[in-house]
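# Fold and contact review
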Amino acid sequence: QVQLVESGGGLVQAGASLSLSCAASGRTFSSYAMGWFRQVPGKEREFVAAISRGGGTTFYADAVKGRFTISRDNAKNTVYLQMNSLKPEDTAVYYCAADFTVVVRRSQYEYDIWGRGTQVTVSS
């Protein structure tokens, strides 16, 4: 089974960029669609972006479309989230998740495996 560890979070000013990584252990990483989600205290975890097993299909939440880019390197068992033009409302704990499926899904309830998250804070 895949285990996930996120990294790359931090404190930045509005307008800056950050790149998150999610490293997966195990030999079946390429069997999973991958997603990024985020959560702020008191709110439900929300979808950010997702990518298919081979990387050919991606989906984004409207709030991040055009600013964030999800990608993956199956040879390195890693999925990335490049975040540009960050806004204070992007502040959250960011989680990567794995979904053992051929499709790409937005619902957190479809994802089987989760990392522990990495904090992203954007100051105004």
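Just so it is clear, the model here is predicted, and its values are computed rather than measured. (Residues numbered from 1 in each chain as written. Predicted model: local features only at pLDDT ≥ 70, side-chain atom pairs only at ≥ 80, totals over all residues. Heavy atoms only, no water.)

A few words on the nonpolar core. Residues Leu4, Met34, Trp36, Leu81, Met83 and Tyr94 are the most contacted members of the largest nonpolar core, which totals 36 residues. Contributing elements (two or more residues each) for this core: β3 (18-25), β4 (33-39), β5 (46-51), β7 (68-73), β8 (78-83), β9 (92-99) and β11 (118-123). (Core = buried A, V, L, I, M, F, W, Y, C linked by side-chain atoms within 4.5 Å. Buried < 20%, exposed > 50% of the residue type's maximum accessible area, 1.4 Å probe, protein only. Helix = DSSP H or I, 4+ residues; strand = E, 2+ residues; numbered from the N terminus.)

Our focus in this paragraph is the pattern of salt bridges. Taken as a whole and judged by the stated rule, the model has six salt bridges. Taking the shortest distance from any N to any O, the salt bridge between Glu46 and Arg38 comes out at 2.5 Å. Classification of Glu46 as partly exposed rests on a relative accessible area of 37%. By relative accessible area, Arg38 is classed as buried at 7%. In this structure, the salt-bridge partner of Glu110 is Arg105, at a minimum N-O distance of 3.3 Å. The exposure class of Glu110 is partly exposed, given its relative accessible area of 33%. Relative accessible area serves as the criterion here: at 27%, Arg105 is assigned to the partly exposed category. Among the ionic contacts, a cluster of salt bridges with common partners joins Arg38, Glu46, Arg67 and Asp90. (Salt bridge = Lys/Arg side-chain N within 4 Å of Asp/Glu carboxyl O.)

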